[in-house]
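# Summary of structural features
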Number of protein chains: 2
Amino acid sequence: MPARPSTDRPTDVLVVGAGLAGLPVAWELARRGASVRVVDRGAPGGATSRVAAGMLAPVTETEPDDPGHLAVGRAGLERWPAFAAALHAASGIEVPLHAAGTLALARDRDEAEALGRFADVCARFALPVERLLPSAVRRLEPALAPTLRGALAIPGDAAVDPRVVVRALTGALAGHGVEVVRAGVERLLVDGRGTSRASPADEQRAGARRAPRATGVALDDGRVLRAGAVVLATGAWSVDGVPDTARVPVRPVKGQLLVLRDPSGPGLLERVLRFGTGYVVPRGDGRYVLGATTEERGFDLATTAWALHDLLRDGYELVPGLLDLEVEETLAGLRPTTPDALPAIGPAAGVDALWWATGHHRNGVLLAPLTGAVLAEQIAGAGSSGEPILDGARVAGLVAPARFAVAPDDPTPAVPPAPPTPRPTVPEDARA
Amino acid sequence: MPARPSTDRPTDVLVVGAGLAGLPVAWELARRGASVRVVDRGAPGGATSRVAAGMLAPVTETEPDDPGHLAVGRAGLERWPAFAAALHAASGIEVPLHAAGTLALARDRDEAEALGRFADVCARFALPVERLLPSAVRRLEPALAPTLRGALAIPGDAAVDPRVVVRALTGALAGHGVEVVRAGVERLLVDGRGTSRASPADEQRAGARRAPRATGVALDDGRVLRAGAVVLATGAWSVDGVPDTARVPVRPVKGQLLVLRDPSGPGLLERVLRFGTGYVVPRGDGRYVLGATTEERGFDLATTAWALHDLLRDGYELVPGLLDLEVEETLAGLRPTTPDALPAIGPAAGVDALWWATGHHRNGVLLAPLTGAVLAEQIAGAGSSGEPILDGARVAGLVAPARFAVAPDDPTPAVPPAPPTPRPTVPEDARA
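Residues numbered from 1 in each chain as written. Chains lettered and ligands numbered in written order. Predicted model: local features only at pLDDT ≥ 70, side-chain atom pairs only at ≥ 80, totals over all residues. Heavy atoms only, no water.

Glancing now at the relation of the copies chain A and chain B. When chain A is fitted to chain B, the residual RMSD is 0.0 Å, and the transformation amounts to a turn of 180° plus an axial shift of 0.0 Å. Within this description, the copies of the chain are treated as partners about a two-fold rotation axis. The C-alpha atom lying nearest the rotation axis in chain A is that of H309(A); the distance is 2.8 Å. Taken as a fraction of all interface residues of chain A, those also at the interface in chain B reach 100%, which identifies the copy contact as same-surface. (Least-squares fit on C-alpha atoms with pLDDT ≥ 70 in both. Contact = heavy atoms within 4.5 Å.)

With that settled, the discussion passes to the pairing of strand β8 (residues 179-182) of chain A. The side chains of a regular strand alternate, first on one face of the sheet and then on the other. All names here are of chain A. Side chains E179 and V181 of β8 all project onto a buried face; the interleaved residues V180 and R182 project onto a face where none is buried. When strand β2 (residues 36-40) meets β8, the two strands line up parallel, connected through four bridges. By the bridge assignment, V39 is partnered in β8 with V181. (Buried < 20%, exposed > 50% of the residue type's maximum accessible area, 1.4 Å probe, protein only. Helix = DSSP H or I, 4+ residues; strand = E, 2+ residues; numbered from the N terminus. Pairing = 2+ DSSP bridges.)

Residue and element names in this part refer to chain B. If you trace the eight strands from one edge of the open sheet to the other, you get β5-β6-β4-β13-β14-β15-β12-β16, paired in mixed fashion. Two strands lie at the open edges of the sheet, namely β5 (130-132) and β16 (326-337), each paired on one side alone. For this sheet the average axis-to-axis angle between neighbouring strands, irrespective of direction, equals 20°. Note: β5 against strand β6 (residues 150-154), three bridges, orientation antiparallel. Its bridge partner being in β6, E130 is matched across the sheet by A153. (Axes fitted to C-alpha atoms, helices over the stretch in contact; angles between N-to-C directions.)

Let us now look at the interface of chain A and chain B. Listed as interface residues are 16 residues of chain A and, on the opposing side, 16 residues of chain B. Across the chain A to chain B interface the summed buried area is about 1,400 Å²; carbon plus sulfur atoms make up 72%. For chain A, the biggest contributors to the area lost against chain B are A305(A), H309(A) and L323(A); these three give 37% of the whole. For the interface between chain A and chain B, the tally reads zero salt bridges. Remark: the boundary between chain A and chain B carries six residue pairs in polar contact (both at pLDDT 80 or more). Looking at the side of chain A that touches chain B, the elements with two or more residues in it are α7 (305-318) and β16 (326-337) of chain A. A total of six residues in the side of chain A that touches chain B trace back to one element, the largest contributor, which is α7(A). The residue inventory of the side of chain A that touches chain B, partitioned by class, reads ten nonpolar, three polar and three charged. (Buried area = accessible area lost by both parts, 1.4 Å probe. Salt bridge = Lys/Arg side-chain N within 4 Å of Asp/Glu carboxyl O. Polar contact = N/O pair within 3.5 Å; in protein donor to acceptor, adjacent residues only side chain to side chain. Nonpolar A, V, L, I, M, F, W, Y, C, P; charged D, E, K, R; others polar.)

A separate point is the domain arrangement of chain A. All names here are of chain A. With domains assigned, chain A is organised as domain 1 (11-90 + 163-250 + 340-404) and domain 2 (99-159 + 252-336). Put simply, the middle of domain 1 and the middle of domain 2, counted by C-alpha atoms, are 29 Å apart. Interface area lost by domain 1 to domain 2 is led by V51, T60 and R362, which between them contribute 22%. The interface formed by domain 1 and domain 2 includes two salt bridges. One salt bridge in this structure joins E329 and R50, with 3.4 Å as the shortest N-O distance. Scanning the region where domain 1 abuts domain 2 turns up ten residue pairs in polar contact (both at pLDDT 80 or more). Breaking the side of domain 1 that touches domain 2 down by element, the ones donating at least two residues are β3 (55-56) and α2 (67-91). (Domains from an automatic or database assignment.)

Turning our attention to the packing of α2(A) against helix α8 (residues 368-380) of chain A. Residues and elements named next belong to chain A. At a minimum axis separation of 7 Å, α2 and α8 run at an interaxial angle of 90°. Here α8 runs roughly perpendicular to α2, going by the angle between their axes. Note on element contacts: α8 touches α2 through P369, L370 and A373, opposite V72, A75, G76, R79, W80 and F83. Tallied by class, residues from the contact of α2 with α8 come to seven nonpolar, one polar and one charged. (Parallel < 35°, antiparallel > 145°, perpendicular 65-115°, else oblique.)

So, on to the sheet that holds strand β15 (residues 287-291) of chain A. All names here are of chain A. Spatially, β5-β6-β4-β13-β14-β15-β12-β16 is the arrangement adopted by the eight strands of the open sheet, whose pairing is mixed. Unpaired on one side and paired on the other, β5 (130-132) and β16 mark the two borders of the sheet. Averaged over all pairs of adjacent strands, the angle between their axes in this sheet comes to 20°, without regard to strand direction. Inspection of the sheet shows strand β4 (residues 102-106) paired to strand β13 (residues 272-275) by four bridges, in the parallel sense. Pairing of L103 across the sheet is with L273, part of β13.

With that out of the way, let us pick up the pattern of salt bridges. Residues and elements named next belong to chain A. Across all of its chains, the model carries 48 salt bridges over all chains by this definition. Put simply, K254 and D300 hold a salt bridge, and the shortest N to O gap is 2.6 Å. One end of the pair, K254, is in strand β12 (residues 251-261); the other, D300, is in the loop between β15 and α7, with 46 residues separating them in the sequence. R313 is paired through a salt bridge with D310; the nearest N and O atoms lie 3.8 Å apart. Here D310 and R313 lie together in helix α7, a separation of three residues that amounts to about one turn. Classification of R313 as partly exposed rests on a relative accessible area of 30%. What emerges from the salt-bridge pattern is a single network uniting R107, E111, D310, R313, D314 and E317.

Here is the structure:
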């Protein structure tokens, strides 16, 4: 691998962003024979991916009362076992899927009623959940507080350690000779238009003659990376130079969480626990991720006193033994969130050779294999993979970036702009 | 300054430990003309001193119902203004004394009763404290919770930032050409006895012929540092090779605390707040130290979930606005604590040229100037300083290490061994 990328040797594809959206895209393309380069200002997975809890939970973590979210989430989970196996084979790094399932828990009457409504929704969509009495759920997880009011068992959910996934993907990319360039991107390079500040009408007039085309990026160290196609997998962050028609409205939704560690090893909890807007995810090695806040605070990444207080108090109410653990890390990350909380995966509107892989909100880890497969099929051509995407056409439609495109004569995008507060998660925090 | 200390150029004094016990001793000796060297395995102040809250609080932080503790603590506070001024002059680094006083607060009836008893004790010792109604105390500190039950104003207390003190002392030492050697100490070197494992009786028989004498230390990198006298300022840690007769029983008492930061700057609180066993210390720059736990956990330094939870909950009960702050640091330190919770400052029993400066428990910062002055006077000779120590003879007697000496024919030390739990602080936490 050269120390500095050759600026006169373009690759087939350039992926901007080395997180759990960009890395699987790069790997799936490299597996299909494309020449790929990845660029990120930081270490792979170093921004948001390392902060993720890693739940693979299409039922509890997405919006099961919304058929679209459920379809995307289940398509994501469906791909995980084969993805983890292939990644292990390619990198030599095992990516364990902790598949002990999820318990959705109620601490009080309001939460118990919300859990009942959630169970009704699951029944309507034929999702396999099971109502459990507090006594039964405490036989499954004896560390739970005796004050527990009710529980649902969701057997299909799983969890992975996102940092292990990043390591395995980085290793797999190295095996294909894919270079990960560590540099900031100054701007996207687009041929066939005037300036990036051109109005949509100007863009359209230009497009009538020749569609603008992404050709690479300029780095803030002065280098230029050219490619036949550019994938923007930049999470909550934006890249200068993207034509207005192609933009996807993504905002950062801050999440804070704690990594706790049991010095005596695993055993306190086996299953993922969900309660209100919170969760506890066992890593299987004595570590437990306790999260998460949902905050509209722009790009602020500070750890705050109220977040630690509320997370620890909520965790303690549910599993008193959590307070006996050591605090290994306090973390904050920025979920990239679109107005409809679904990701934007697919071709950018109105610009050739430009692709989006962003907007994964709370589901970046769950959707990592799907993101890679959808984009690789679209970029490298249908039929390039032996593994068909579950309900592929429908899923690809649901996540198509074009749904946010601004029509030249209509400034209203296809979906309304970001709401002032994020969509509630399910089960709803009835105490909020 | 040489990169490696010359092993054949002994200094007058070698100080082991570059914390807030050792550094002032080294500085006071250097000011008096002695050649001094300091050795520490870590950065100056990097172990316990950087974790200290920095309260200069002989009334609330020591044991005001114990005349001994009160005398030592007040002698410590007495020296601080001149010490800070001299340190500023010597180093160019200002050491601000935040002297807005302390408010001792009660959150409930039990704490209010404990506060009343504390006020009675203060009256008996003619300590100037003032009972305040909740309405009056909230006029002083509007951020206090409306649920406050009672308060005492203690006007004399102050606070400093221990890290600033360490920086100033390090600068002052550099001005005297004092070398701070960064290396671990393998063992104390003592002439005039057989082995360090000799029994007290053996030691005494040897001593009858010739008193053992400290001559320096062997470092774990193989070097030897020789000196005319050795000061052990090693906090909760011990040094191999100290003869049994000279040992001081010090155990680590763990304290955890949080440093919070107000991104909008200072102004939330002016005064030091005390409540139960907790405190909030404003640093004057928008930072607030919220502490502290008192734990008998050996040398464990882990941050624990219950400590963060309890500190934040207690802080929130007293000052709800604390939860709006950012968490700048979570810290844990080890207080070096003797059986009577008073420090050991003075000559080691039964070994010539060996001195102790340890056992400062919760009062290392308060007693830093006193520690330096007492030892410098004793080592460099009485009258070597122009500033007499307040009630010097009495204070020196109270902190004399010889009170722990094991008599050759009596295995019982002068004070009983460490209790299983630490002494309660005052005001007592009536809710414990």
